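Observations on chain architecture
Below, each chain spelled out in residue letters.
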Amino acid sequence: MRTERANSGRQAERRDLKVIVGAAIIRDGRVLACARSAPPEVAGMWEFPGGKVEPGESETAALARECAEELAVRVEVGERVGRNVRMAHGRSVLKVYAARLLHDDQPQALEHSALRWLSAAELDSVTWLPADAPIVAALRPLLDAASHS
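This write-up is about the structure you can find in this document. (Residues numbered from 1 in each chain as written. Predicted model: local features only at pLDDT ≥ 70, side-chain atom pairs only at ≥ 80, totals over all residues. Heavy atoms only, no water.)

**Topic: helix α2 (residues 59–71)**
- For α2, spanning 13 residues, the distance from its first C-alpha to its last is 18 Å, which sits close to the expected 18 Å at 1.5 Å a residue.
- Three or more residues of α2 are buried, namely Ala62, Leu63, Glu66, Cys67, Glu70 and Leu71. Burial along α2 is one-sided: seen end-on, the buried residues are contained in an arc of 135°.
- Where α2 is buried, its residues meet β1 (18–27), β2 (30–36), β4 (50–52), β5 (75–87), β6 (92–101) and β7 (112–118).
- Where α2 terminates, the next one or two residues include Ala72, which has phi positive at roughly 60°. (Helix = DSSP H or I, 4+ residues; strand = E, 2+ residues; numbered from the N terminus. Expected span 1.5 Å × (residues − 1). Buried < 20%, exposed > 50% of the residue type's maximum accessible area, 1.4 Å probe, protein only. Arc of directions from axis to C-beta. Contact = heavy atoms within 4.5 Å.)

Next comes the structure, spelled out in structure tokens:
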């Protein structure tokens, strides 16, 4: 009986899983990091910009929308970076995509307290949100490659 409940619970959990998308915006071998301004328990910690995928919206469309809302930039969304990261006690999953700015857009901190462009060597100079931390390791080789091209 216990096994049945665990299995059916897992299936329901997968169906109700909220998808959060993040953008690893890369320019000149650096990635954009954004400092959270709220809520208080994570204020000052760093993240990749992004947010929830709305019903009927693709992950890439959601990411483009979130970058426009949070940073006032247009982006071209590229390949996935790293693995899926489970969040919110397994109720959400974070998927991060590489992205690049379009039309020489310059990010503005509309919803964040600060923005920083970090090289591979500088990735550990900020305190990342726990969900974003696993992506940082996957990002290093991309930044190294971008800085040598």
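After that view, the rundown keeps rolling.
**Section: the nonpolar core**
- Counting residues in each nonpolar core, the largest one holds 23 residues, and the members touching the most others are Val31, Phe48, Trp128 and Leu139.
- For this core, the secondary structure elements donating two or more residues are β1, β2, β5, β6 and α3 (133–147).
- Of the residues forming this core, the biggest block, four residues, is contributed by α3.
- In this structure Val31 touches Ala24, Ile25, Ile26, Phe48, Arg116, Trp117, Leu118, Leu123, Leu139 and Leu143, once residues within four positions along its chain are discounted. (Core = buried A, V, L, I, M, F, W, Y, C linked by side-chain atoms within 4.5 Å.)

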